[in-house]
2 protein chains.
Amino acid sequence: MAAAAPPPAPTPAPEPVTSLPETTPLFTRIRLATPSDVPQIHKLIHQMAVFERLTHLFSATESSLAATLFSPTTQPFHSFTIFLLEASPKPFAVSNVDSNPFFTPLTKFVNLSIPIEDPERETFKTTDDVTVVGFVLFFPNYSTFLGKPGFYVEDLFVRECYRRKGFGRMLLSAVATQAVKMGYGRVEWVVLDWNVNAIKFYEEMGADLLNEWRICRLTGEALQAYGGAH
Amino acid sequence: MAAAAPPPAPTPAPEPVTSLPETTPLFTRIRLATPSDVPQIHKLIHQMAVFERLTHLFSATESSLAATLFSPTTQPFHSFTIFLLEASPKPFAVSNVDSNPFFTPLTKFVNLSIPIEDPERETFKTTDDVTVVGFVLFFPNYSTFLGKPGFYVEDLFVRECYRRKGFGRMLLSAVATQAVKMGYGRVEWVVLDWNVNAIKFYEEMGADLLNEWRICRLTGEALQAYGGAH
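The text that follows walks through the structure, step by step, so that each part is easy to find. (Residues numbered from 1 in each chain as written. Chains lettered and ligands numbered in written order. Predicted model: local features only at pLDDT ≥ 70, side-chain atom pairs only at ≥ 80, totals over all residues. Heavy atoms only, no water.)

**Description of the relation of the copies chain B and chain A**
Between the two copies of the chain lies a rotation about an axis combined with a shift along it. Taken as rigid bodies, chain B and chain A are interconverted by a rotation of 180° and an axial shift of 0.0 Å, the fit giving an RMSD of 0.0 Å. In the structure described here, the two chain copies are related by an operation that fits a two-fold rotation axis. Of the interface residues in chain B, 100% have counterparts in chain A that sit at the interface too, so the contact is made through matching surfaces. (Least-squares fit on C-alpha atoms with pLDDT ≥ 70 in both. Contact = heavy atoms within 4.5 Å.)

As structure tokens, this is what we get:
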């Protein structure tokens, strides 16, 4: 009935934030990690150990990470390299990370259907609006058959509240793109044979599984037994 | 019968070389490879591809190996590293390899029960008496859980006529000893799951097999598809 119809809105349109409840804008940035990121990298690695139920194997400290990941011999892409993925509700301000001589950050705008509730926002904040979402750690490996290097991805981790939104793909793609840029021949990593979801995801990204190969590891006391001998 | 016994030898003992037919002395040396070793490294890698029936994957050239294995960023032990194992019937003369700033060669004397017939002696000769026996190529990897580097062994190869004499063990042990020396946490490599002899050998050396892990490889056109994208 006409009488029940609301009167036409006499005043300005509602705030944009309430008029577009379907999407939440998010700005993302992939950049090289720096020594000042070590505390957060340490926490991310610990979360990964918890997720993999391998905390009994976790013995890294902030100082061991800082000494080994950011030593004078660890030139990005030629040694251990970390890409950090950050997110912000606002566009990233121009900062000194943009002039990094080794890598120009990759930025991307995404629209999420549901806003992310981040219970650890304070812990993973880098600046006022910027939060660390995840990381990928990789380093060169070498194929003698190809006669050229490749990259080996040791860790790929996205914090729980950011999962299933394409951020893992974004990080792994960044490594693959860097490999192509440098003329490298391969990107390799490992996956647990029962992790069918991960395997499906990796195959979708174009990877082959080398099912016949097994990893051999010499570590702990068995390795120490070689100290001094040859 | 006594009359059939040979008369006692009336004259001096035979030459030492014939009086000790049971053993053949061999001097061995493990040293860092240099750019001048590239032609022989290339041949060794090709022999490995033939042995593994993977020549269709072999595309390395002497120049691709030289450019990638001996570039300004490939500092031994912090990047791609090759130990060469050489053998000689005479002790090694003091040479400039002994003063290598990164690695003092490891020498060892072995007595072989049977002399080695080397049909490719001329091809693998480095100096008058010295022959290349095999090599191991390795480079740093990283364990975030340990918070420290390790070594990954990409290739371990001993020329056919020198196999089953402990030379493979000598090369792998040299890598393990170097890892301990540098405070590294692991030495890792891969093996084909059907290669039971190799697996037995590696387990005897103290290695564990990580049976649940599978290698993922992004290469060729699937990798090139990431060029320019992110």
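**A word on helix H5 (residues 196–204) of chain B**
Residue and element names in this part refer to chain B. For H5, the complete set of buried residues consists of Ala198, Ile199 and Tyr202. When H5 is viewed along its axis, its buried side chains cluster within an angular range of 100° and face the same direction. Among the exposed residues of H5, those oriented more than 90 degrees off its buried face are Val196, Asn197, Lys200 and Glu204. Downstream of H5 by a residue or two, Gly206 has a phi angle that is positive, lying close to 105°. (Buried < 20%, exposed > 50% of the residue type's maximum accessible area, 1.4 Å probe, protein only. Helix = DSSP H or I, 4+ residues; strand = E, 2+ residues; numbered from the N terminus. Arc of directions from axis to C-beta.)

**Side note on helix H4 (residues 167–181) of chain A**
Taking 1.5 Å per residue, 15 residues should reach 21 Å; H4(A) reaches 21 Å between its end C-alpha atoms and fits that length. Most of H4(A) is tucked away: 13 of the 15 residues are buried. (Expected span 1.5 Å × (residues − 1).)

**Examining the side chain of Asp118(B)**
Residues and elements named next belong to chain B. Along the polypeptide, Asp118 turns up in the loop between strand E3 (106–112) and strand E4 (131–143). Side-chain polar atoms of Asp118 contact the backbone nitrogen of Glu120, separated by 2.9 Å. Within the structure, Asp118 has its side chain in polar contact with the backbone nitrogen of Arg121 (distance 3.3 Å). Setting aside residues no more than four positions away along its own chain, Asp118 makes contact with Thr131, Arg159, Cys161 and Tyr162. (Polar contact = N/O pair within 3.5 Å; in protein donor to acceptor, adjacent residues only side chain to side chain.)

**Observations concerning the sheet that holds strand E5 (residues 148–158) of chain B**
Strand order in the open sheet made by the eight strands is E3(B)-E1(B)-E2(B)-E4(B)-E5(B)-E6(B)-E8(A)-E7(B), with mixed pairing throughout. Single-partner strands in this sheet number two, and they are E3 and strand E7 (208–210) of chain B. On average, each strand axis in the sheet is tilted by 30° relative to the strand beside it, whichever way the strands run. In the sheet, strand E2 (residues 81–88) of chain B pairs with E4(B) via seven bridges, with the strands oriented antiparallel. (Pairing = 2+ DSSP bridges. Axes fitted to C-alpha atoms, helices over the stretch in contact; angles between N-to-C directions.)

**Some remarks on the packing of aromatic side chains**
Within a pair of aromatic rings, the relevant descriptors are the distance that separates the centres and the angle that separates the planes. The tally for this structure, following the rule as stated, stands at 34 aromatic pairs over all chains. Arranged with centres 4.9 Å apart and planes meeting at 50°, the rings of Phe80(A) and Tyr142(B) form a pair that is tilted. Linking Phe80(A) in the loop between helix H3 (62–69) and strand E2 (81–88) with Tyr142(B) in strand E4, this pair reaches from one chain into another. By relative accessible area, Phe80(A) is classed as buried at 8%. Considering the side-chain rings of Tyr162(A) and Phe167(A), the 6.1 Å spacing of their centres and the 65° angle between planes classify their relative orientation as edge-to-face. In this structure Phe167(A) comes out as buried when scored by relative accessible area, which is 1%. An aromatic cluster is defined as three or more aromatic residues linked by ring pairs; in this entry it consists of Phe77(A), Phe83(A), Phe103(A), Phe138(A), Phe151(A) and Tyr184(A). (Phe/Tyr/Trp six-rings, centres within 6.5 Å; stacked < 30°, edge-to-face > 60°.)

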